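Remarks on the overall topology
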Amino acid sequence: MCNPLTPAPFRATGSVEAGRGPSGRKAYPPAPEPLPVPVMDNHTHLDFPDAGPAVSIKDALDAAEAVGVRGAIQVGCDLESSRFTVRAVEQDSRLLGAVALHPNDAPAYAERGELEEALAEIEDLAAHPRIRAIGETGLDFFRTEGEGLVQQRYSFRRHIDIAKRLGLTLQIHDRDAHEDVVQVLREEGAPEQVVFHCFSGGEELARICNEEGWFMSFAGTVTFKNAANLRAALAIADAGRLLVETDAPFLTPHPHRGRPNASYMVPYTVRAMAELTGRDLAELCARLAGNTVQAYGSWD
């Protein structure tokens with residue numbers, strides 16, 4: 001079977017297209033064996049331009065479906081990508097969406113005096129019936145510091161409020177900020193459904209998520225050799241709180257780390273999760289699919 005994400009079969013077609021990366025990008029990895037039970041990719045960025053060859057939304061989702069990934073959550077990080085997300089979910093029924101201002105983008109909107117207007121538009125976009133989450137939002141202490149953290153916290157609190165008022169899931173970006181993210185969630189009162197996108201904590205955060213009933217969405221990072229903390233967290237995570245994602249085009253799982261990622265790569269991570277936890281693959285897939293519907297609702 002030919003690689004479903006090689007340049008030849010792909011043409012950037014349709015009214016909404018994934019970004020075209022610069023020439024010379026590495027090729028997409030080979031397709032994995034299909035999963036025995038279909039799952040969903042809980043977090044992807046179809047509009048990001050730094051992937052490999054140009055791929056249309058339809059082709060990307062066709063490639064995913066061929067290996068047992070029957071749907072995905074397309075995620076916005078600013079106004080432009082959130083608008084794209086709304087257009088994308090209208091184009092293909094295999095997509096649901098999330099819209100938000102990324103914690104590293106919120107300070108820039110604030111500096112321009114545009115944060116309130118941007119938050120108002122996010123709330124308007126979130127009213128679309130196929131937008132099921134506010135995200136990704138949260139805190140990032142890796143790339144933002146100083147006064148920017150004040151705006152991050154304010155934006156995070158505002159996103160929590162929007163999610164609660166609209167009855168939507170909250171999808172969290174948490175980088176080097178575990179304690180502070182948990183503190184804000186507890187102070188504000190978390191929405192009914194909370195997802196830690198690209199879960200990056202260890203056993204302590206996993207225990208908190210178990211206790212609070214928050215979802216932990218594992219990406220290809222759990223397969224990385226230096227990710228012992230993630231594997232320890234996965235080992236104690238409540239099976240009813242597990243999700244899987246790509247965060248494509250980033251975080252391609254082992255053994256293809258460093259090459260472009262896409263939703264069709266989910267099976268590599270799912271198989272690693274099954275092996276690491278000793279769970280039957282089909283049973284894990286069924287649980288992941290059920291958890292995803294619990295977190296975001298039905299794709300139908």
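Refer to the structure above for everything that follows.
Residues numbered from 1 in each chain as written. Predicted model: local features only at pLDDT ≥ 70, side-chain atom pairs only at ≥ 80, totals over all residues. Heavy atoms only, no water.

The next point concerns the layout of surface pockets. A volume near 770 Å³ is recorded for the largest pocket. Around the largest pocket, the lining is made up of 29 residues, and of these R143, H173, R175, D247 and L251 lie nearest the centre. The biggest single contributor to the lining of the largest pocket is strand 5 (residues 169–175), with 3 residues. A per-class count over the lining of the largest pocket returns 10 nonpolar, 10 polar and 9 charged. As for the second largest pocket, its lining consists of V222, T223, R231, H254, Y268, R271, A272, E275 and L276. Per element, the largest residue contribution to the lining of the second largest pocket is 5 residues, and it comes from helix 9 (residues 266–277). (1 Å grid on protein atoms, 1.4 Å probe; cavity = no way out; pocket = protein on both sides within 12 Å on 5 of 7 lines; lining within 4 Å. Points joined across faces, edges and corners; volume = space filled by probe spheres on them. Helix = DSSP H or I, 4+ residues; strand = E, 2+ residues; numbered from the N terminus. Nonpolar A, V, L, I, M, F, W, Y, C, P; charged D, E, K, R; others polar.)

One recurring pattern in soluble globular proteins is that nonpolar side chains are buried together. I134, F156, L170, L185, F196 and F199 are the most contacted members of the largest nonpolar core, which has 75 residues in total. The residues touching L185, leaving out its near neighbours within four places in the chain, are F156, I160, L170, I172, A190, V194, F196 and W214. If you look at the next biggest cluster of nonpolar residues, it comprises 13 residues, including I73, L96, A98 and A133. (Core = buried A, V, L, I, M, F, W, Y, C linked by side-chain atoms within 4.5 Å. Buried < 20%, exposed > 50% of the residue type's maximum accessible area, 1.4 Å probe, protein only. Contact = heavy atoms within 4.5 Å.)

Okay, the packing of helix 4 (residues 115–125) against helix 5 (residues 147–166) next. Their axes nearest at 11 Å, the elements helix 4 and helix 5 cross at an angle of 25 degrees. Between helix 4 and helix 5, the angle is such that the two are roughly parallel. Pair helix 4 / helix 5 crosses with right-handed handedness. On helix 5, the residues touching L115, E116, L119 and E123 of helix 4 are Q151, Y154, S155, R158, H159, I162, R165 and L166. Residue classes in the contact of helix 4 with helix 5 are distributed as 5 nonpolar, 3 polar and 4 charged. (Axes fitted to C-alpha atoms, helices over the stretch in contact; angles between N-to-C directions. Parallel < 35°, antiparallel > 145°, perpendicular 65-115°, else oblique. Left-handed = near helix turned anticlockwise from the far one by under 90°.)

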